[in-house]
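So the chains spell out like this:
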Amino acid sequence: MSKTKLKGLSTDAKPLVMLAEVNQALTVGRTPREGLQRALEILDHDYGVIRSAVVLADANSGRLRVENSAGVPDEGRHAEWEMGEGITGRVVASGKPVVIPQISQEPAFLHRTGRRPQGARSEITFMCVPIPGARKALGSLNIDFPFERARQYDRDLHVCRVVASMFGQAIRLKEAAEVERQHLLAENTHLKAELKERYDFSQIIGTSGPMRQVYEQIAQVTGTNTTVLVRGESGTGKELHRARHPLQLPRAKKPFIKVSCAALPDSLIEAELFGHEKGAFTGAAARKKGRFELADGGTLFLDEIGDINLSTQVKLLRVLQEKEFERLGGVTPVKTNVRLIAATNADLEKAIAAGTFREDLHYRVNVFTIFYSVEHGKSVKRISTPAIDMLMAYHWPGNVRELENSIERALLVCDGSVIHGHHLPPSLQTSEATGTVTRVALSDAVGAYEKDLIQDALKTTRGNRVKAARLLDSTERIISYKVKKYEIDCRRFR
């Protein structure tokens, strides 16, 4: 608001209008420094201030320095004070304002921001008020007014203190934002380092939801010697050439040997895996080490394990059980320490039923299964806690087949990444096992769904109501009310 507009206002209204403009300047400024500068210019323009300065304490040295100024000559824009030095230093140290009606009559005035004009018509009234911080003054607001014998010092001092309080709040918000920014940067750096150490997938191509699930599964067995079975359709990258490093840990510096079982005829697969002695068969002119022996201490990757013939499956089972084998044509056991990763696009369950794949071998290689798939119509990641409670409470008269059908139905009706209670069959959503009446009051259905969502959010946040409220775009007060209403025990999620 211009001086022309302010002339039409009463004397009492002018400070209020000026304070509103100062508040707006501090709010809309792109940076705190820009907001403070604009606020000082408003004081100069709308409140009759001759010169003004924001003086702040340096966090490291403790010295006081001019941060922003208006009307201050060049030599005064970098002025400094020791804490307790001069009027400014005493105000910041004590946290109490000082008013000097005529600075020409004050010998302690240091003129650090530059000499004022001399003469009766140039007499200056100086006000210095502390900028409040959380525990002590952050600095001071220094203001020059033209001397007026009829000046209302109490009113002007009150206005200056209000402005200083507004400055203090803006500075504290800036500091809090900077602390939070530094905290987030440090946390981000830490998490990146942790993720790089735990999930070294820099050479794996693929960032989709299903691929991220695969990465998570790979990470779960990283650092172990667990046998891994990778299943999926042809062309989905089961060979894991690019993923071999994380799966190979802690054997990363040891051999990584790959065997494509489908590419080897039945007559050669056994010799390739276990090696042979000299004269074991026609053409065996010398002893040859097999892939298990070459991979000793490292990792052996058997691609398309479902294509191995039954006789070789027997020997493979022995290696997994006894950690030893015999070369073809040999009688001396050879010890081996190999971490096995297997892959197949075959339906092993059907192969077992057909008698082409040994069930006991399947148990051995199926310790930890990772599924790669390009034909998933859904991307369900987990089952919510309330849904699990329903599954546990039901008595399953149809045994495993009924469970399988219930989960399949839930997958079909689920429209997100989490199976909730309302996705399960009606018989599981009530205490009645059969003959369930699906008709239900709207309020009850909405309440059940709401309770389900809140419990799922609390599970994700480990019982933290504030974070759960953020996930649900709600408030802590509303979530706390709903928790009490639905008798939800947050402790169970911690």
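Now for a quick tour of the structure. Every value quoted in this text rests on a predicted model; they were computed, and no experiment measured them.

**Quick notes on the pairing of strand β2 (residues 64-70)**
- With five of its seven residues buried, β2 lies for the most part within the structure.
- As defined by bridge partners, strand β1 (residues 51-57) adjoins β2 across six bridges and the pair is classed as antiparallel. What sits directly across from serine 52, in β2, is alanine 70.
- Hairpin connection of β1 to β2: six residues between the antiparallel strands, including glycine 62 at a positive phi of 85°.
- Examined bridge by bridge, β2 and strand β3 (residues 80-81) share two bridges and lie antiparallel to one another. Across the sheet, residue leucine 64 finds its bridge partner in β3, namely tryptophan 81.

**Observations regarding the sheet that holds strand β6 (residues 139-146)**
- Overall, antiparallel pairing links the six strands, which are arranged β3-β2-β1-β6-β5-β4 in an open sheet. On the outer flanks of this sheet lie β3 and β4 (98-100), each paired with one strand and no other.
- Across three bridges, β4 lies against strand β5 (residues 124-131) in antiparallel orientation. Following the sheet pairing, valine 99 is matched in β5 by methionine 127.
- Relative to β2, helix α3 (residues 32-46) is tilted by about 55°, and along the sheet it contacts β1, β2 and β6.
- Packed on one face of the sheet, helix α4 (residues 86-94) meets β1, β2, β3, β4, β5 and β6 and runs near 30° to β5.

**Thoughts on the environment of glycine 298**
- Along the polypeptide, glycine 298 turns up in the loop between α9 (291-294) and β11 (299-303).
- The buried category is assigned to glycine 298, whose relative accessible area is 0%.
- With 45 residues separating them along the chain, glycine 298 and lysine 253 place their C-alpha atoms 7.8 Å apart.

**Things to note about empty space enclosed by the protein**
- Following the criterion strictly, the structure yields one cavity of 30 Å³ or more and no others.
- Space inside the largest cavity adds up to approximately 150 Å³.
- Forming the walls of the largest cavity are 17 residues, and the residues nearest its centre are Trp81, Thr88, Phe109, Phe126 and Asn142.
- Among the elements of the structure, β1, α4 and β6 are those that each provide at least two residues to the lining of the largest cavity.
- Counted by class, the lining of the largest cavity contains seven nonpolar, six polar and four charged residues.

**Considering the packing of aromatic side chains**
- Under the counting rule described, the total for this entry stands at six aromatic pairs.
- Ring centres 5.7 Å apart and planes at 40° place the aromatic pair phenylalanine 274 and phenylalanine 325 in the tilted group. Of the two residues, phenylalanine 274 is situated in helix α8 (residues 266-274) and phenylalanine 325 in strand β12 (residues 324-326); the sequence distance between them amounts to 51 residues. Grouping residues by exposure puts phenylalanine 274 and phenylalanine 325 together as buried.
- Cluster of aromatic residues (ring-pair linked, three or more members): Phe274, Phe292 and Phe325.

**Regarding helix α18 (residues 476-485)**
- Taken as a whole, α18 has its buried residues at Ile479, Lys482 and Val483. What you see down the axis of α18 is that its buried residues fit within an arc of 105°, all on one side. The exposed set on the far side of α18, more than 90 degrees from its buried face, consists of Arg477, Tyr481 and Lys484.
- Elements in contact with the buried residues of α18: α16 (442-460) and α17 (465-471).
- Looking one or two places after α18, you find glutamate 487, whose phi comes out positive at around 55°.

**Here's the deal with the packing of α8 against helix α10 (residues 310-322)**
- Relative orientation of the contacting elements α8 and α10 amounts to 15°, with a least axis distance of 10 Å. As judged from the angle between their axes, α8 and α10 are roughly parallel. The two elements α8 and α10 meet at a crossing, and its hand is left-handed. Contact residues: α8 offers Ile269, Glu270, Leu273 and Phe274, while α10 offers Thr312, Lys315, Leu316 and Val319.
- Looking at the contact of α8 with α10 residue by residue, the class counts come to five nonpolar, one polar and two charged.

**Focus: the environment of proline 333**
- Inspection of the secondary structure puts proline 333 in strand β13 (residues 333-335).
- A relative accessible area of 41% places proline 333 in the partly exposed class.
- Each C-alpha atom of the pair proline 333 and lysine 323 lies 9.7 Å from the other, and the pair is 10 residues apart in sequence.

**What to know about the side chain of asparagine 68**
- Within the secondary structure, asparagine 68 is located in strand β2.
- Taking relative accessible area as the criterion, asparagine 68 reaches 3% and is therefore assigned buried.
- Within the local environment of asparagine 68, its side chain forms a polar contact with the side chain of glutamine 37, the two groups lying 3.3 Å apart.
- In this structure, asparagine 68 is in contact with Arg33, Leu36, Gln37, Leu40, Ser52, Ala53 and Val54, ignoring residues within four places of it in sequence.

**Some points on the layout of surface pockets**
- The space that makes up the largest pocket amounts to roughly 570 Å³.
- For the largest pocket, the lining is made up of 20 residues, of which Leu56, Ala57, Ala59, Leu138 and Glu175 are closest to its centre.
- Those elements that provide at least two residues to the lining of the largest pocket are α3, β1, β2, α4 and α5 (153-198).
- For the lining of the largest pocket, the element with the highest residue contribution is α5, accounting for four residues.

Criteria and thresholds
Residues numbered from 1 in each chain as written. Predicted model: local features only at pLDDT ≥ 70, side-chain atom pairs only at ≥ 80, totals over all residues. Heavy atoms only, no water. Buried < 20%, exposed > 50% of the residue type's maximum accessible area, 1.4 Å probe, protein only. Helix = DSSP H or I, 4+ residues; strand = E, 2+ residues; numbered from the N terminus. Pairing = 2+ DSSP bridges. Contact = heavy atoms within 4.5 Å. Axes fitted to C-alpha atoms, helices over the stretch in contact; angles between N-to-C directions. 1 Å grid on protein atoms, 1.4 Å probe; cavity = no way out; pocket = protein on both sides within 12 Å on 5 of 7 lines; lining within 4 Å. Points joined across faces, edges and corners; volume = space filled by probe spheres on them. Nonpolar A, V, L, I, M, F, W, Y, C, P; charged D, E, K, R; others polar. Phe/Tyr/Trp six-rings, centres within 6.5 Å; stacked < 30°, edge-to-face > 60°. Arc of directions from axis to C-beta. Parallel < 35°, antiparallel > 145°, perpendicular 65-115°, else oblique. Left-handed = near helix turned anticlockwise from the far one by under 90°. Polar contact = N/O pair within 3.5 Å; in protein donor to acceptor, adjacent residues only side chain to side chain.

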